[in-house]
Amino acid sequence: MDIYKVGDKSKALCSFCKAITETTFRVRTVPLSSGKGRVEGVLAGVCDRCDRVLSIPQQSVPRIKEQIGTKRHSLEARIPQHLSDILNLACHQIGANSASEFQAILIKYYIRRILEASLAKKIHKLLESELSSGKSDSRISLKIDDAMYETLVIALERLDLNQSELLRVIAVLVKHEILDEEDEEAVEDLKKMATVA
Ligand SMILES: [Zn+2]
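Residues numbered from 1 in each chain as written. Predicted model: local features only at pLDDT ≥ 70, side-chain atom pairs only at ≥ 80, totals over all residues.

Notes on the overall build of the protein chain
Phase 1 of the analysis: Helix and strand counts for the protein chain stand at 8 helices and 6 strands.
Phase 2 of the analysis: Ordered by position from the N terminus, the helices and strands of the protein chain form the series β-β-β-β-α-β-α-α-α-α-β-α-α-α.
Phase 3 of the analysis: Radius of gyration (C-alpha) of the protein chain: 23 Å, far over the 16 Å computed for a compact globule of 197 residues.
Phase 4 of the analysis: Viewed in the frame of its principal axes, the protein chain has a C-alpha envelope of about 70 × 35 × 30 Å. (Helix = DSSP H or I, 4+ residues; strand = E, 2+ residues; numbered from the N terminus. Rg over C-alpha atoms; globule rule 2.2 N^0.38 Å.)

Here you go:
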């Protein structure tokens with residue numbers, strides 16, 4: 001495989017200039033062919049005449065694939081402040097260096113687990129609990145990849161919840177399992193994740 005450096009020269013057919021033109025490899029933000037989104041920091045062959053991206057070398061492909069496979073969806077919801085505090089407290093209790101970054105990992109961990117029979121059967125009771133209630137004025141937002149998004153959609157449908165209700169339930173679960181240390185396995189799992197995060 002040829003590895004190109006910034007500034008290397010090549011040639012390509014430019015459909016805009018309608019000619020074979022000289023190209024220079026430069027770092028560019030390139031649009032995805034699907035039209036949905038752009039990838040920053042991609043080495044690309046750029047037409048010397050019209051400055052358009054003409055080619056993407058093999059070495060840039062993983063960077064683009066990674067972008068396609070991850071962070072395509074977002075989970076956004078508002079939950080009561082005290083539930084948001086619970087999530088933050090749990091991140092600190094687990095020993096995460098950055099509570100704001102670990103919060104996303106914590107939420108995803110529970111999205112993956114939410115359909116476990118032992119949890120699923122108590123979801124609606126948790127949602128109706130006193131702890132779950134309150135004015136939703138704290139915004140939660142995280143990026144999720146395709147696989148997690150699929151898991152989320154299935155969970156919401158099976159449990160008949162919307163995103164905000166799901167996050168409320170997760171926060172209540174976190175209160176019981178992590179803050180009150182009722183689930184040692186969950187605490188241990190998350191501590192392990194915190195050391196590699
Ligand atoms: Zn051109």
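Back to the text.
Quick look at unusual backbone geometry
Leaving glycine aside, a negative phi is the common case for residues, and trans is the common case for peptide bonds.
Phase 1 of the analysis: Not every positive phi belongs to a glycine, and K18 is a case in point at roughly 55°.
Phase 2 of the analysis: Take K18: it is sitting in the loop between strand 1 (9–14) and strand 2 (19–31).
Phase 3 of the analysis: Of note in the backbone geometry, D160 takes a positive phi value of approximately 55° without being a glycine.
Phase 4 of the analysis: With respect to the helices, strands and loops of the structure, D160 is situated in the loop between helix 6 (146–159) and helix 7 (163–179).
Phase 5 of the analysis: By the C-beta count within 10 Å, which is 9 here, D160 ends up exposed. (Buried ≥ 20, exposed ≤ 12 C-beta atoms within 10 Å, placed from the backbone.)

Observations concerning the domain arrangement of the protein chain
Phase 1 of the analysis: Structurally, the protein chain comprises domain 1 (9–69) and domain 2 (73–196).
Phase 2 of the analysis: Inter-centroid distance (C-alpha atoms) of domain 1 to domain 2 is 40 Å. (Domains from an automatic or database assignment.)

Observations regarding the nonpolar core
Phase 1 of the analysis: One finds L87, A90, L106, I170, A171 and V174 to be the most contacted residues of the largest nonpolar core, which totals 30 residues.
Phase 2 of the analysis: When contributions to this core are tallied by element, the ones reaching two or more residues are helix 2 (81–94), helix 3 (99–113), strand 6 (136–144), helix 6, helix 7 and helix 8 (184–196).
Phase 3 of the analysis: With 9 residues, helix 7 is the single largest residue contributor to this core.
Phase 4 of the analysis: The residues touching A90, leaving out its near neighbours within four places in the chain, are L106, V174, I178 and L179.
Phase 5 of the analysis: C14, V42, L43 and C47 belong to the second largest nonpolar core, which has 8 residues in total. (Core = buried A, V, L, I, M, F, W, Y, C linked by C-beta atoms within 7 Å. Contact = placed C-beta atoms within 7 Å.)

Considerations on the packing of helix 3 against helix 6
Phase 1 of the analysis: Packing of helix 3 against helix 6 brings their axes to within 9 Å, and their N-to-C directions diverge by 55°. Taken together, the axes of helix 3 and helix 6 are oblique relative to one another. Crossing hand, helix 3 versus helix 6: left-handed. Facing K108, I111 and R112 of helix 3, the residues of helix 6 in contact are M148, T151, L152 and A155.
Phase 2 of the analysis: Broken down by class, the residue content of the contact of helix 3 with helix 6 amounts to 4 nonpolar, 1 polar and 2 charged. (Axes fitted to C-alpha atoms, helices over the stretch in contact; angles between N-to-C directions. Parallel < 35°, antiparallel > 145°, perpendicular 65-115°, else oblique. Left-handed = near helix turned anticlockwise from the far one by under 90°. Nonpolar A, V, L, I, M, F, W, Y, C, P; charged D, E, K, R; others polar.)

Considerations on the sheet that holds strand 3 (residues 38–47)
Phase 1 of the analysis: A sheet is described by the order of its strands in space; here 4 strands give the open sequence 1-2-3-4, paired in antiparallel fashion. Two strands bound the open sheet, and with one partner strand each, they are strand 1 and strand 4 (53–55). The mean inter-strand angle of the sheet, taken between neighbouring strand axes irrespective of direction, is 55°.
Phase 2 of the analysis: As defined by bridge partners, strand 2 adjoins strand 3 across 8 bridges and the pair is classed as antiparallel. Opposite P31, over in strand 3, you have R38 as the bridge partner. (Pairing = 2+ DSSP bridges.)

Digging into helix 7
Phase 1 of the analysis: The end-to-end C-alpha distance of helix 7, which contains 17 residues, comes to 23 Å, matching closely the 24 Å that a straight helix rising 1.5 Å per residue would cover.
Phase 2 of the analysis: Among the 17 residues in helix 7, 12 count as buried, and that is most of the element.
Phase 3 of the analysis: Of all the positions in helix 7, only L166, L167, R168, V169, I170, A171, V172, L173, V174, K175, E177 and I178 are classed as buried.
Phase 4 of the analysis: Two residues or fewer after helix 7 comes E181, characterised by a positive phi angle close to 50°. (Expected span 1.5 Å × (residues − 1).)

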